[in-house]
Amino acid sequence: MSSAPPVFISAADVERLLPRASLLLPGLEAALSNFSAGPAGGVEQPLRAVLRVRPYRGFLGVMPAYSAADDALSTKLVTFYEPRGDSAAPSHQATVLLFDPRCGALRAVLDGAVITAKRTAAVSAIATKLLMPRPAAVLCILGAGVQARSHYEAFTELFDFTEVRLWNRTEQRALQLASSVGGAVRVCGTVRDAVCGADVIVTVTMATAPILFGEWVKPGAHINAVGASRPDWRELDDALMKSSVLVVDSREAALAESGDVILSGAEIFAELGELLKGTKPAQPEKTTVFKSLGMAVEDTVAAKFVYDAWSAGN
Ligand SMILES: NC(=O)C1=CN([C@@H]2O[C@H](COP(=O)(O)OP(=O)(O)OC[C@H]3O[C@@H](n4cnc5c(N)ncnc54)[C@H](O)[C@@H]3O)[C@@H](O)[C@H]2O)C=CC1
Ligand SMILES: O=C([O-])C1=[NH+]CCC1
């Protein structure tokens, strides 16, 4: 049973087998609900271990999870490094190991970068579906890297925005992203101009201090706060954190890892899984923040999706 060597699934093959983040929505919605159901939900997921690579301002995260509903066992190894002008390497690199949960044998080694990009955008889309104002016309993305692209692709597929705005710390990078995607994107020179009147805002930067301020945000807007995954890093200011209904992927992780949550002292209203289960109301009429840190079980769901498609000969 354990003798077959593991398969290696490259980034190109993950992209081919998982062409759209939206394919993950049913599996991720179920996994988020199961996670928030506690032990009865059958998700085993410890807080990730994050090791510092101090001389290089880098981090290595180890993210294991088992999902009984999916009967899938995996761990992701993800490195993320603060921006350095001299490095051509992507800021985030990842590998997912998928095991046979029945015997512990390693079945697949998958490139984790595409999985991370797509599952994160899919989870933001799940939160947005529940929390965005109705109607929602203007989407604003702050950041122009890997996650900015995956969020642009998922959100323009799933929602009917009439305008998409983009801001990045270096405008050139925003212009490059805007010209490489299919649709019309307005590149803005300041965060304030970009978010003014926006219905849905996505923050996907490597910022370590707030870039988005509550006074600029339209009441009732929904924000997906995806960056700032260290306890001393910020993307959102205290005013925005404290005046919004705050939804997180994992309470435990938010209280241990999110500078926006810890340093603002904002109260967590619910986990996304609780909104999905209906045990907490979504409140789309209010200003809402979904603080995403990324969960191992999301990678488990995505890796199993890709491995099953690969095994089926697709
Ligand atoms: N919540 C989740 O599940 C996940 C969150 N992330 C986080 O999302 C964020 C974006 O990740 P990627 O797109 O992969 O990174 P990336 O390196 O591809 O893009 C980062 C973007 O942030 C900008 N940036 C860099 N330093 C900045 C600063 N000090 N202020 C404002 N902008 C700055 C860069 O110009 C670039 O456009 C990161 O914070 C990352 O850790 C990444 C993966 C999963
Ligand atoms: O979930 C994830 O893979 C990550 N979250 C923050 C950095 C990487």
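All of these numbers come straight from a predicted model, not from anything done at the bench.

A. Here's a closer look at the overall build of the chain. When helices and strands are counted, the chain shows 11 helices and 15 strands. Expected size for 314 residues packed as a compact globule is a radius of gyration near 20 Å; at 19 Å, the chain falls within 12% of this value. The dimensions of the chain, computed from C-alpha atoms along their principal axes, are 60 × 45 × 40 Å. For the chain, the proportion of its 314 residues judged to be buried stands at 48%. Across the chain, the fraction of contacts at a sequence separation of at least 24, relative to all contacts at a separation of at least 6, is 68%.

B. How the structure looks around the site of ligand 1. Lining the immediate surroundings of ligand 1 are 28 residues, of which S91, G145, Q147, G227 and G294 lie closest. At the level of elements, α3 (113-131) and α4 (146-158) are the ones that each hand at least two residues to the shell around ligand 1. In terms of residue count, α4 provides more of the shell around ligand 1 than any other element does, 3 residues in total. The class makeup of the residues in the shell around ligand 1 is 11 nonpolar, 15 polar and 2 charged.

C. Summary view of helix α11 (residues 296-311). Counted at 1.5 Å a residue, the expected span for α11 with its 16 residues is 22 Å, and the 22 Å between its end C-alpha atoms agrees. Where α11 is concerned, the buried positions are A296, V297, E298, D299, T300, V301, A302, A303, K304, F305, V306 and Y307. Looking at the residues trailing α11, positive phi occurs at G313, about 85°.

D. Examining the site of ligand 2 more closely. Taken together, the neighbourhood of ligand 2 is formed by G61, V78, F80, H92, T116, S229, L293 and G294. Partitioned by chemical class, the residues of the shell around ligand 2 number 3 nonpolar, 5 polar and no charged.

E. Structural context of the nonpolar core. Core analysis: the largest hydrophobic core is formed by 98 residues, its most contacted members being L142, I201, V247 and V306. With 10 residues, α3 is the single largest residue contributor to this core.

F. Structural view of the sheet that holds strand β15 (residues 288-291). Here we have 8 strands laid out as an open sheet, ordered β10-β9-β8-β11-β12-β15-β13-β14, and parallel in their pairing. Whereas interior strands pair on both sides, the edge strands pair on one side only; in this sheet they are β10 (186-187) and β14 (268-271). Against the sheet, α4 engages β8 (138-142), β9 (163-167) and β11 (200-203), with an angle of about 165° to β8.

G. Local environment of unusual backbone geometry. Between R134 and the following residue, P135, the backbone shows a cis peptide bond with an omega angle of -5°. Relative to the elements of secondary structure, P135 occurs in the loop between α3 and β8. Of note, D71 is a non-glycine position whose phi angle comes to about 45°, a positive value. As for its position among the elements, D71 is in the loop between β4 (58-67) and β5 (72-81).

H. Representation of α4 in the model. Taking 1.5 Å of rise per residue, the 13 residues of α4 would be expected to cover 18 Å, and the 19 Å separating its terminal C-alpha atoms lies within 8% of that figure. Looking only at α4, the buried set comprises Q147, A148, S150, H151, Y152, A154 and F155. Looking at the buried positions of α4, the neighbouring elements they touch are α3, β8, β9, α5 (171-180) and β11.

What counts, and where the lines are drawn
- Residues numbered from 1 in each chain as written.
- Chains lettered and ligands numbered in written order.
- Predicted model: local features only at pLDDT ≥ 70, side-chain atom pairs only at ≥ 80, totals over all residues.
- Helix = DSSP H or I, 4+ residues; strand = E, 2+ residues; numbered from the N terminus.
- Rg over C-alpha atoms; globule rule 2.2 N^0.38 Å.
- Buried ≥ 20, exposed ≤ 12 C-beta atoms within 10 Å, placed from the backbone.
- Contact = placed C-beta atoms within 7 Å.
- Near = placed C-beta within 6 Å.
- Nonpolar A, V, L, I, M, F, W, Y, C, P; charged D, E, K, R; others polar.
- Expected span 1.5 Å × (residues − 1).
- Core = buried A, V, L, I, M, F, W, Y, C linked by C-beta atoms within 7 Å.
- Pairing = 2+ DSSP bridges.
- Axes fitted to C-alpha atoms, helices over the stretch in contact; angles between N-to-C directions.

Taken by themselves, the reported measurements are silent on function.
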